[in-house]
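# A closer look at the structure
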Amino acid sequence: MGMGRGGKFLTEEEKQNRPKVTKKLLIRIFSYLRPYSTQLIVVLLCIIASSALNMAPAILTGRIIDDGLIGRDFGKLVFYIVMTLLVYAGANFIGVLQSYLNTWIAQHITYDMRNQMYRHLQSMSQRFFTSNNQGDIITRMTSDIDGVQQVIANTFSSILSNAITLVIALIAMLQKNWIMTLVSIVIVPLFTIPTRIAGKTRWELTRESQECSDEINGILNETLSVSGQTLVKLFSKEDYEYARYESANARMVKLNIKERMAGRWFFVILSTITSVGPMLLYLAGGILMIRYGADLTVGDITVLVALLGKLYGPVNQLLNIQVDWIRSMAMFTRIFEYFDMPVEVKNPVYPLVKKQARGDVEFLHVDFSYEPSRQILKDVTFRLRSGRSIAIVGPSGSGKSTIINLIPRLYDVTGGKVLFDGVDVRDLDLNFLRSSIGVVTQETYLFNGTIRENLLYVKPEATEEDLVTACKKANIYDFIKNQPEGFDAMVGNRGLKLSGGEKQRISIARVLLRDPALLIFDEATSALDSISESKIQEAINPLVKSCTSILIAHRLSTILAADEILVVKDGRIVERGVHEELVNKGGVYTELYETQFGVMHETDEKA
Ligand code: ATP
């Protein structure tokens, strides 16, 4: 039943970050259980019934001995034996029902939680995904929610059934003899405490050897991979890496031996004490019976010893559950932390939908920062009229991508306004806004499937003719036609079977398929070979001339195709105009032209 990083003891880190269990948190957790309250009541009844039935055989043993064996009554003997067997069968049957219901409830609750989490994560802004570690997001979605399932299926019912078993066992004992009950209560800690101490030592060793094995795996992963080996070889680090591996390996051997031996001690201690407990009880019973003539039968003492066995389990488990409990509360807290993150980019309360978008964009004194401490865009103002095109140029990191991210509301401005067709983008229906804009990003993302599937993802109802038209415009149709499978050719994982240029042209086709009112291109900075390059240019340049478009340009031919050039530096628009005006101005554009586009220009000409 180990949860998370397992073990029945808390790590230092877990102790320090112990979550505050407030009434609010508990109420919130129980709100997930509420829809299943009927099933929960049945589970509760099952737990009570099976705990009671589990206790019965111990009590019936007393009757078998006193009435059947000592009383020499064969009829009673058989009756009690059959009863005991029936009770066992009944308890087991109820146990199965209980675990089925438990699993069912746990699965359904986590089903609800997973869906809710997935929806919530999808509504999170770009900022959330850029500032959170992807692994962390996936962990919360998977392990943490799986942990919740464990808690509901195991921890909650384990607390209940152990507590009930404990109470019933104590009541049954008290009915036999209160002195013996007291003796039992004194004996139980004798047992549970050493078990816990031995367990803790062992757990610490396991954890240490786990760390050591992680370290060894790390070394292997780093040094036995292709790139790792290249590094090791080029810098002659073989001996150093060997020494590192050898010392971790030696530590592992020592730890493994220690752990094995701790395991031995653990069992020696456990089995000795397990046998001491009942002996003490027999002794106490004997003293009461023989010395003080107490009203106790042999059967009673047997029953008490059997019940003593029933006490250890629950006490031990309840002591362990504290750890599970703290871990589960931490898990719930982590999950709720995600649920509580505000949705930054929200659909407006009264979203505006227009019949037809024109693609007109206007920035009015826009300020923007990703983090409050550092302003990225300052007072950006420009207008892109429907049917025209703008090229944004500027040094790396000047804020070009940031400007275009604001149009489909991947982020919201921190000052000023972005208007789309004359309306503040924050007042428009998000779906309408985003479906009116087609964005071709630098990093093209294709999923593993056929070209057709990738294209249809954005417009499932597109006809073959639509596909052909879009691909022709994107200058990729000839390539597809030449594939033996045509549109049904596989693109490979993340589009790996295609060249960078092909991928980019397919993603242009994908955008064109939606026939957006505004086209946004983020031209790739990475150099492609000149043939791929010119094919993309052939696709983009006519589009820039014919569609409302805004593009981040790195190549002269694209820049020349646009109607206006905006030069961005340090988040401000520092120059604007057409190429001829800007190139001889001696400003940022001239510099860019001489260093970047100039070179590109030459390659353009060569191509
Ligand atoms: P490039 O031409 O290299 O793509 P760019 O002009 O498009 O650069 P942006 O990507 O807009 O530049 O980045 C502008 C600034 O904002 C950079 O300094 C960058 O470090 C910062 N920045 C970009 N994205 C984020 C983010 N998600 N969180 C914080 N800062 C960011």
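Thresholds applied
- Residues numbered from 1 in each chain as written.
- Predicted model: local features only at pLDDT ≥ 70, side-chain atom pairs only at ≥ 80, totals over all residues.
- Heavy atoms only, no water.
- Helix = DSSP H or I, 4+ residues; strand = E, 2+ residues; numbered from the N terminus.
- Rg over C-alpha atoms; globule rule 2.2 N^0.38 Å.
- Buried < 20%, exposed > 50% of the residue type's maximum accessible area, 1.4 Å probe, protein only.
- Contact = heavy atoms within 4.5 Å.
- Areas by Shrake-Rupley, 256 points an atom, 1.4 Å probe, with all protein chains shown as cover.
- Lys, Arg positive; Asp, Glu negative; His and termini not counted.
- Charge placed at Lys NZ, Arg CZ, Asp CG, Glu CD.
- Near = heavy atom within 4 Å.
- Polar contact = N/O pair within 3.5 Å; in protein donor to acceptor, adjacent residues only side chain to side chain.
- Domains from an automatic or database assignment.
- Buried area = accessible area lost by both parts, 1.4 Å probe.
- 1 Å grid on protein atoms, 1.4 Å probe; cavity = no way out; pocket = protein on both sides within 12 Å on 5 of 7 lines; lining within 4 Å.
- Points joined across faces, edges and corners; volume = space filled by probe spheres on them.
- Nonpolar A, V, L, I, M, F, W, Y, C, P; charged D, E, K, R; others polar.
- pLDDT = per-residue confidence, 0-100.

### Looking at the overall build of the protein
- Helix and strand counts for the protein come out as 20 helices and 10 strands.
- Relative to the globule expectation of 25 Å for 607 residues, the C-alpha radius of gyration of the protein, 36 Å, shows a markedly less compact shape.
- Reported as C-alpha extents along the three principal axes, the dimensions of the protein are approximately 120 × 65 × 55 Å.
- Every one of the 607 residues in the protein was classed for burial, and the buried ones make up 44%.
- Sequence separation of at least 24 residues holds for 75% of the intrachain contacts in the protein that already meet a minimum separation of 6.
- Carbon and sulfur atoms form 58% of the exposed surface of the protein, whose accessible area is close to 32,600 Å².
- When the 66 basic and 64 acidic side-chain charges of the protein are each reduced to a single mean position, those positions are 7 Å apart.

### Examining the site of the ligand
- Near the ligand you find 14 residues, and of these Arg374, Ser396, Gly397, Ser401 and Thr402 are the closest.
- At a separation of 2.7 Å, an oxygen atom of the ligand approaches a polar side-chain atom of Ser396.
- Contact distances for the ligand include 2.8 Å between an oxygen atom and a backbone N or O atom of Gly397.
- The fraction of the free accessible surface of the ligand (640 Å²) that becomes covered by protein chains is 70%.
- When residues in the shell around the ligand are grouped by element, the largest group, three residues, is from helix α11 (residues 400-406).

### A closer look at the domain arrangement of the protein
- Each assigned domain of the protein is listed with its residue range as follows: domain 1 (14-175 + 319-344), domain 2 (178-295), domain 3 (347-436 + 549-607) and domain 4 (437-515).
- In this structure, domain 3 and domain 4 have C-alpha centres spaced 26 Å apart.
- Residue-level contacts link eight residues of domain 3 with four residues of domain 4.
- Across the domain 3/domain 4 interface, buried area totals approximately 430 Å², and carbon plus sulfur atoms make up 55% of it.

### So, the layout of surface pockets
- In this structure, the largest pocket spans a volume of roughly 2,100 Å³.
- What lines the largest pocket is a set of 47 residues, and nearest its centre among them are Gln126, Leu410, Arg434, Val439 and Thr441.
- When residues of the lining of the largest pocket are traced back to their parent elements, those giving at least two are α4 (74-122), α5 (126-131), α6 (134-176), α11, α12 (430-436), β6 (437-440) and α16 (500-513).
- Split into classes, the residues belonging to the lining of the largest pocket amount to 24 nonpolar, 17 polar and six charged.

### Structural notes on the confidence of the model for the protein
- Summing up the model confidence of the protein, the mean pLDDT is 85 and the portion of residues at 70 or higher is 95%.
- Mean pLDDT per element in the protein: helix α20 (residues 588-606) is the minimum at 67, and strand β1 (residues 361-368) is the maximum at 96.

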